[in-house]
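Examination of the molecular architecture
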Amino acid sequence: MKIIVTSIFVDDQEKALNFYCDTLGFIKKHDVPAGEFRWIALVSPENELGTELILEPNNHPAAKEYQQKLFADGIPVTMFGVEDIQAEYERLLDKGVKFTMKPTSMGNVTVAVFDDTCGNHIQIIQQ
């Protein structure tokens, strides 16, 4: 058994698609109409056959509340691995990304947290 798909709730699918592709650098693998929303799946350019990230609309009241409470408490909804966290931090700062935690060493790892502009905090980690 392996993880093939994971998802995060977003408050605006188009805005999220732009941020995750144009700013973060993910690649759109699927973008299929699904009723009033879309099935949007992204992958890492380093592993196009790897785990897909779904940009899930937060239209359900429970999803919206879950997302808003995590954001208010500063809790990241997911974690992305990076090779060089300082370089990635500086690259994203140059693109206007707002960080809530600068790169911080925590034992054997260094982490940073940013706002994805779509209702989430995202953690990046260098191991």
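Quick note: structure is the one above.
Keep in mind it's a predicted model, so treat the numbers as computed, not measured.

Reading the values: the criteria
- Residues numbered from 1 in each chain as written.
- Predicted model: local features only at pLDDT ≥ 70, side-chain atom pairs only at ≥ 80, totals over all residues.
- Heavy atoms only, no water.
- Buried < 20%, exposed > 50% of the residue type's maximum accessible area, 1.4 Å probe, protein only.
- Helix = DSSP H or I, 4+ residues; strand = E, 2+ residues; numbered from the N terminus.
- Arc of directions from axis to C-beta.
- Contact = heavy atoms within 4.5 Å.
- Polar contact = N/O pair within 3.5 Å; in protein donor to acceptor, adjacent residues only side chain to side chain.
- Pairing = 2+ DSSP bridges.
- Axes fitted to C-alpha atoms, helices over the stretch in contact; angles between N-to-C directions.
- Salt bridge = Lys/Arg side-chain N within 4 Å of Asp/Glu carboxyl O.
- Patch = residues over 30% accessible without salt bridge, like charges linked within 9 Å, V, L, I, M, F, W, Y side chains within 5 Å.
- Areas by Shrake-Rupley, 256 points an atom, 1.4 Å probe, with all protein chains shown as cover.

Attention shifts here to helix α3 (residues 85–94). Each full turn of the α-helix corresponds to 3.6 residues, which orients residues three or four apart in the same direction. Restricting attention to buried positions, one finds in α3 the residues Ile-85, Glu-88, Tyr-89 and Leu-92. Down the axis of α3, the buried side of the element spans an arc of 105 degrees, and every buried residue falls inside it. On the buried face of α3, the contacting elements are α1 (13–23), β6 (99–106), β7 (109–115) and β8 (121–126). For α3, the capping residue at the N-terminal end is Asp-84, with a side-chain oxygen 3.2 Å from the backbone nitrogen of Gln-86. The first or second residue beyond α3 is Gly-96, which carries a positive phi of 90 degrees.

All right, on to the sheet that holds β6 then. Sheet architecture is open: four strands sit in the order β5-β8-β7-β6, paired in mixed fashion. The open sheet has two edge strands with one neighbour each: β5 (76–81) and β6. Across the sheet, the mean angle from the axis of one strand to that of its neighbour is 20 degrees, orientation sign disregarded. With six bridges joining them, β7 and β8 adopt antiparallel strand pairing. Within β8, the residue paired with Val-111 across the bridge is Ile-125.

The subject of this paragraph is the pairing of β6. Across five bridges, β6 lies against β7 in antiparallel orientation. Counted as the bridge partner of Phe-99 is Phe-114 from β7. The turn linking β6 back onto β7 is made up of two residues, and Gly-107 within it adopts a positive phi angle of 75 degrees.

This part takes up the pattern of salt bridges. In total, this model carries six salt bridges according to the counting rule given. Lys-29 is paired through a salt bridge with Glu-52; the nearest N and O atoms lie 3.3 Å apart. Remark: Glu-52 occurs in strand β4 (residues 52–57) and Lys-29 occurs in strand β2 (residues 27–34); sequence separation between them is 23 residues. For Lys-29, a relative accessible area of 34% corresponds to the partly exposed category. Its relative accessible area of 13% is what places Glu-52 among the buried residues. Sharing partners across several salt bridges, the network here consists of Glu-14, Lys-28, Asp-31 and Arg-38.

Take a nonpolar patch on the surface next. A cluster of nonpolar side chains, Ile-4, Val-5, Val-32 and Trp-39, forms an exposed patch at the surface whose accessible area comes to about 350 Å². Relative to the helices and strands, Ile-4 is located in the segment before β1 (5–10).

Turning our attention to the environment of Arg-38. Counting through the fold element by element, Arg-38 comes out in strand β3 (residues 37–43). Using a relative accessible area of 25% as the deciding quantity, one classes Arg-38 as partly exposed. Those residues in contact with Arg-38 that sit more than four places away from it in its chain are Gln-13, Glu-14, Leu-17, Asp-31, Val-32 and Pro-33. Reaching out from Arg-38, the side chain makes a polar contact with the side chain of Glu-14 at a distance of 2.7 Å.

All we've got here are geometric facts, nothing functional implied.
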